[in-house]
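In case you want the letters, here they are:
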Number of protein chains: 4
Amino acid sequence: MTRVAVFGATGYGGIELVRILLAHPEVEIGYVGGHTTVGENLADFYPHLAGAIDLTVGKIDVAAVAEGVDVMFFALPHAVGAALVAEALALGKQVIDFSADCRLKNLADYERYYEPHPHPELLEQAVYGLPELHREEITGTRLAAVPGCYPTGAILALAPACAEGLIEPDGLIVDSKSGVSGAGRSLSLTTHFTECNESVAAYKVAQHRHTPEMVQELSLLGAPVTLTFTPHLIPMNRGILSTCYGTLTREVSVDEAVALYREFYTGERFVRIHDAGKLPATKQVTGSNFCDIGLAIDADAGRLIAVSAIDNLVKGLSGAAVQCMNLMLGVPEETALTTYAVWP
Amino acid sequence: MTRVAVFGATGYGGIELVRILLAHPEVEIGYVGGHTTVGENLADFYPHLAGAIDLTVGKIDVAAVAEGVDVMFFALPHAVGAALVAEALALGKQVIDFSADCRLKNLADYERYYEPHPHPELLEQAVYGLPELHREEITGTRLAAVPGCYPTGAILALAPACAEGLIEPDGLIVDSKSGVSGAGRSLSLTTHFTECNESVAAYKVAQHRHTPEMVQELSLLGAPVTLTFTPHLIPMNRGILSTCYGTLTREVSVDEAVALYREFYTGERFVRIHDAGKLPATKQVTGSNFCDIGLAIDADAGRLIAVSAIDNLVKGLSGAAVQCMNLMLGVPEETALTTYAVWP
Amino acid sequence: MTRVAVFGATGYGGIELVRILLAHPEVEIGYVGGHTTVGENLADFYPHLAGAIDLTVGKIDVAAVAEGVDVMFFALPHAVGAALVAEALALGKQVIDFSADCRLKNLADYERYYEPHPHPELLEQAVYGLPELHREEITGTRLAAVPGCYPTGAILALAPACAEGLIEPDGLIVDSKSGVSGAGRSLSLTTHFTECNESVAAYKVAQHRHTPEMVQELSLLGAPVTLTFTPHLIPMNRGILSTCYGTLTREVSVDEAVALYREFYTGERFVRIHDAGKLPATKQVTGSNFCDIGLAIDADAGRLIAVSAIDNLVKGLSGAAVQCMNLMLGVPEETALTTYAVWP
Amino acid sequence: MTRVAVFGATGYGGIELVRILLAHPEVEIGYVGGHTTVGENLADFYPHLAGAIDLTVGKIDVAAVAEGVDVMFFALPHAVGAALVAEALALGKQVIDFSADCRLKNLADYERYYEPHPHPELLEQAVYGLPELHREEITGTRLAAVPGCYPTGAILALAPACAEGLIEPDGLIVDSKSGVSGAGRSLSLTTHFTECNESVAAYKVAQHRHTPEMVQELSLLGAPVTLTFTPHLIPMNRGILSTCYGTLTREVSVDEAVALYREFYTGERFVRIHDAGKLPATKQVTGSNFCDIGLAIDADAGRLIAVSAIDNLVKGLSGAAVQCMNLMLGVPEETALTTYAVWP
């Protein structure tokens, strides 16, 4: 059994990770740490897990925990966990980081969108934890950076088209619709029930921090891309639908596009490409690790429209983290990730 | 008092029209007609109007009703009402049509997206009922075609930029998010509560029937446009948010863009342009006749992003119909349309 | 024109009052006061009212405002506004208080459920602002206490049965389901979107502060009652459905019960009694001042089940406040309250 | 491996059963049958299961299927499946029936609430499939009747109090709040998104068909009960919260009541009793087989209030069916039922 520690266990990402790991036959949760909830029993705080786990939230103290665990998950806000990640690596642990601190290769990108990086050396060590594009690197790393939820859906939707030159690298548009859990459990007027229920709005248009991740990963597949990203908040708990637009480089039928995508994702357990004429709804992936993708062609305008659906807390966060961990540990990649959505 | 007839009163558009007209001091509802609900008391069917109106649903029979009414509203599916519209005009009535039958100027557009037109002569007679762009024509017409709900939001969001040459006419994208009431009261699996709740999906990508309306109206403002339109279904009752993308023809700040939009809409009672940095949520217009617009600039990508919010059943349908009627009758344009959204 | 001040204008009750008053032909809002929002423009804070009102939030200072206004509304938490109410009365103003400070006749009840009363003399002066039961007193008062939202629905549902001795006074049960706006705009984990969406729960079972109001008012109609009250939080913005149970004192058909209720509420503009076999949904009153009531009889168990639906922010709060104000000012009771629900 | 057939696989209950069985290590789904969906691939119809199962929906033909399967599940409407159940039993199969046909012991109860029973002999053979009350009988039966969703929550909430004489058998009240999936996938105006979203209503008050099940099972535990049952429809996908009221026979503290409930349910894997002061929300059981129960005492009124939360499609239907099957097959009762709710 591999013993793991989860730091930041009481946020939505952390608790979802705990839920997934509880079903993992090769892993035991040895420690859960938090900031404001130290001393609370995790199941008192999250009653859905009553009976599943009897762990008290402890401090976030890497050194004190290190001896008993092999893998450390850091589900902490950006910049907050960087020093801890560095410490864990120095202690020889395998690390999976949920924050943005280790995702970008270019320090300037990080510092433009976030702040001065507390540990810039991490950027070189880290692997971008999207197995569909970086499986080998993840398998060999000790530091995987879980991609942002929006980038996961957008990159998977556009990667085959970028890699195969089906669309121009310039002028990509990603218009995403996210459930509210993406904003976490911290209180804000934006996520107050009566403020976001029965309403839709865009936010952080053309300035969201997930933009440089999309640009980085899609540019790695071919020519450097330019991309406009617009996130929207939707009155539902989970799910991200990303509607992605690219200018076609040549005439193509939807069937051809579907075939190209299926070829690209051959063997990928968690990417499902719809038949021509079908498009995904977020409901079909809720609670699961799938990314479902549907394609359409606007022949008049010469455009590819690729639509992806993910669960932002599973494939968009904690499921991806477990997928990375499985690769890093050498256990089958899909372990603990084979559940399907609950419908309806 | 002007007496009006509402044909198709028991759909969502029809009943919303009835609700608005009940507050109109110059209008009396003389007749409500329906197909499957003949003989029912309207308020039994829609309990929110109990006590407000005591009218029994009658047949859809233009000639039989003509003597008693001055204005006829047709809230019927496309093609179904065209002969009735023609009949009402022949009887000298003023007509406001909710369907697509009278919106397009180009017969071929209609027949590409719909079917052979049963009364193509209506296309020439009709005025596109968007007062912000066609006020004078509406004032003088006897046949106003209420715009589609999606086109209303999209056209108002892009019109100033197209008219002033701020964006390229080519390559426009309209990504819209609609509440479920846009699909009407007819039952379908798509609008079954448990199927669309907690989910988001795109539909009719690059083939929705509202596309040619957008192209027609925006092309009238400058050069002919090309446009990709993607509608999405959102788990809420009302509202459409349209996120519209255009390639900038020149560098511009958000403040300049806001100023340009405010100049374009000077004096418009129902269009509110947000200050730079603010974007509309559909909640703020629910139940009202407003179209609220916010702007953003993606300087890196050279793009304008214009976001509009409307209530699809008010400004997107029945409110627009009353606005047209007011102009046609010569009463103040805002009569019966001055209510504000209920928050929250 | 009567000039009014609204203290606590930026909560949900206050802003809903502002919205209703904006449509009142005899009233002008002369002042809006708040605690944490002083200096903000009300419409910046609540974008749905942009263009409707251009008022800056001022301090809560009764004396400074007194000269310019005739009526003062206090939409403040209990205990916070009591001294201000007293001050306003001393200055000769007409006062409508939203809090619990003036609702109960029995000081011990207040102090059991709330805290030591800061101004117990108010209890004697105040009139319980439920016009259907206290119209004459309200007409002659200078201090109306707006009933709690739950009591409004429960009392109206049970009053005819209690007054006419149709049910035993002992053992009443009120099981209420409330939308989330009843909890206000203050942030809490309970009202965080992702915590209350897709879930239902009971809270404060058998200890909610609205219980003594129900007991007080129903006991005034006949024998002293005992009553169990269970509130529930429902994932919707507005509305309270109260399912009320009483043991029948005699056999009665639903038709007889309906007739008895209609007799009791003869002439009441805002109470609508459903025909036998029909029950109200909260949707049918959203945004309106109606209380809709449906009845059922469980003959096997000898029970009356009375179900009422109100909008908690209109008939349950701000609409009731305006209804009281109208009576106190001698203008028609329904002024500004004649709108119907928006459906769907 | 046990091979099973699922008849009625394309309803919500059937597909949820399929989802659960897919994770069952001892079971293989050998056949799925339906009425209107014959010839469709199940995963085309329910895209969340794409890749999980490659089965085409066949006819509902017991004899044709019998050879290849050991257990048959009938997820069909009442009366429709009775002859098939009889046929399956005659062929020596083990049967689990989702309908009401086999739940009631008293034919007159069935015929009062439903219709003349097509196979009354089934009533004697069948075991009421609530393992917490009938484990031994289920273990030995060949015909288990899955309890109704409402009865499951209500019976589990009241059983300890009835069995231990804590409450009077007369005058029980069950006030239940159900998500919309309980109404199934068949289209109706009641379950049209825009009609039930943002609204709450009671329905079938004092006449719902699940009432006699509650009476039957609770009466078996002590004295015959009388009971009023009021179901409500809540705008959410899943979950039933049942608020149950009984008159206390003696003074008792919440702590004592909690202890009594815990004693009663000792060893039950799927019933979780909350500590005094805590009440369940349906969210905490969504997608899981738990029934969570919280208790409150109204000392003034001498009442016990027991609140239970279940997922109507899992513990309230398909999870219960698998729990029964496990007992009937002699595999560990919790097999395939150990998942926890997804939060949020």
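Here the residue index of a chain counts from 1 through its sequence in written order. Labels follow written order: the first chain is A, the first ligand is 1, and so on. For a predicted model such as this one, the threshold for reporting local features is a pLDDT of at least 70, and the threshold for listing and counting side-chain atom pairs is 80 or more; totals across whole chains, interfaces and linings nevertheless cover every residue.

1. With respect to the overall build of chain A
This is how it is decided: Strands are runs of DSSP state E lasting at least two residues, helices are runs of H or I lasting at least four, and both sets are numbered from the N terminus onward. A pair of residues counts as a contact when their C-beta atoms, built from backbone coordinates, are within 7 Å of each other.
A count of helices and strands for chain A gives 12 helices and 13 strands. Projected onto its principal axes, the C-alpha positions of chain A cover 60 × 45 × 35 Å. Expressed as a percentage of contacts within chain A between residues at least 6 apart in sequence, the contacts between residues at least 24 apart total 70%.

2. A closer look at the interface of chain B and chain A
Think of interface size as the accessible area that goes away when the parts come together; that is how it is often given. Formally: Residues are grouped as follows: Ala, Val, Leu, Ile, Met, Phe, Trp, Tyr, Cys and Pro are nonpolar; Asp, Glu, Lys and Arg are charged; every other residue, Gly included, is polar.
Across the boundary between the two partners, chain B contributes 41 residues, which contact 41 residues of chain A. If you list the elements that add at least two residues to the side of chain B that touches chain A, you get β7 (172–178), α9 (193–196), β8 (201–202), β9 (227–233), β10 (240–247), β12 (291–298) and β13 (303–310) of chain B. A per-element tally of the side of chain B that touches chain A places β9(B) first, with 4 residues. Of the residues assigned to the side of chain B that touches chain A, the class counts are 22 nonpolar, 11 polar and 8 charged.

3. Details of the relation of the copies chain B and chain D
For clarity, the cut-off: Only residues with pLDDT of at least 70 in both copies count here: their C-alpha atoms drive the least-squares fit that superposes the copies.
After a rotation of 180 degrees and a shift along the axis of 0.0 Å, chain B superposes on chain D with an RMSD of 0.0 Å. Look at the turn and shift together and you get a two-fold axis relating the two. The position closest to the rotation axis in chain B is occupied by the C-alpha of Phe193(B), lying 2.0 Å away. When the interface residues of chain B are mapped onto chain D, 100% of them again lie at the interface, so the same face is used by both copies.

4. Re the relation of the copies chain B and chain A
Two chain copies, one operation linking them: a rotation about an axis together with a shift along it. When chain B is fitted to chain A, the residual RMSD is 0.0 Å, and the transformation amounts to a turn of 180 degrees plus an axial shift of 0.0 Å. Here 100% of the contact residues of chain B are again contact residues in chain A; the copies associate through an equivalent surface.

5. Here we look at the sheet that holds strand β3 (residues 71–74) of chain D
Sheet strands pair by backbone hydrogen bonding; their relative direction is either parallel or antiparallel. Residues and elements named next belong to chain D. We apply this condition: Any two strands with at least two DSSP-identified bridges between them are counted as paired. Axis definition: a line fitted to C-alpha atoms, over the contacting stretch in the case of helices. Angles run 0 to 180 degrees between N-to-C directions.
Spatially, 6 strands are ordered β2-β1-β3-β4-β6-β5 in an open sheet, and the strand pairing comes out parallel. Edge strands, defined here as strands with exactly one partner in the open sheet, are β2 (27–33) and β5 (127–128). Contacting β1 (2–7), β3, β4 (94–97) and β6 (143–145), helix α4 (residues 82–90) crosses the sheet at an angle of about 160 degrees to β4.

6. Thoughts on the environment of Glu213(A)
All names here are of chain A. Definition in use: For the exposure call, what matters is how many other C-beta atoms sit within 10 Å of a residue's own: 20 or more marks it buried, 12 or fewer exposed, and in between partly exposed, using C-beta atoms placed from the backbone.
Tracing the backbone shows Glu213 in helix α10 (residues 211–219). A residue is classified by how many C-beta atoms lie within 10 Å of it, and Glu213, with 26 of them, is buried. Taking the C-alpha atoms as reference points, Glu213 and Ile20, separated by 193 residues in sequence, lie 26 Å from one another. If near-sequence neighbours (up to four positions away) are discounted, Glu213 is found in contact with Arg103, Leu104, Pro147, Gly148 and Pro151.

7. What to know about the interface of chain B and chain D
The interface of chain B with chain D comprises 13 residues on the first partner and 13 residues on the second. In the side of chain B that touches chain D, the residues fall into 5 nonpolar, 6 polar and 2 charged.

8. Let's talk about the pairing of strand β13 (residues 303–310) of chain D
Residues and elements named next belong to chain D. β13 sits mainly inside the fold: 8 of its 8 residues count as buried. Covered by surrounding structure in β13 are Arg303, Ile305, Val307 and Ala309 together with Leu304, Ala306, Ser308 and Ile310, the residues of both alternating faces. Both strand β10 (residues 240–247) and β13 contribute to a ladder of 8 bridges, which runs antiparallel. Bridging from a neighbouring strand, Thr243 pairs with Val307 of β13. Looking at chain direction, strand β12 (residues 291–298) and β13 are connected through 8 bridges and run antiparallel. Bridge pairing in β13 places Cys291 opposite Ile310.

9. Things to note about the sheet that holds strand β6 (residues 143–145) of chain C
Residues and elements named next belong to chain C. Spatial ordering of the open sheet is given by β2-β1-β3-β4-β6-β5, a layout of 6 strands whose pairing is parallel. Strands with a single pairing partner mark the edges of an open sheet, and in this sheet they are β2 (27–33) and β5 (127–128). Note: β5 against β6, 2 bridges, orientation parallel. Across the sheet, the residue bridging to Tyr128 is Ala145, located in β6.

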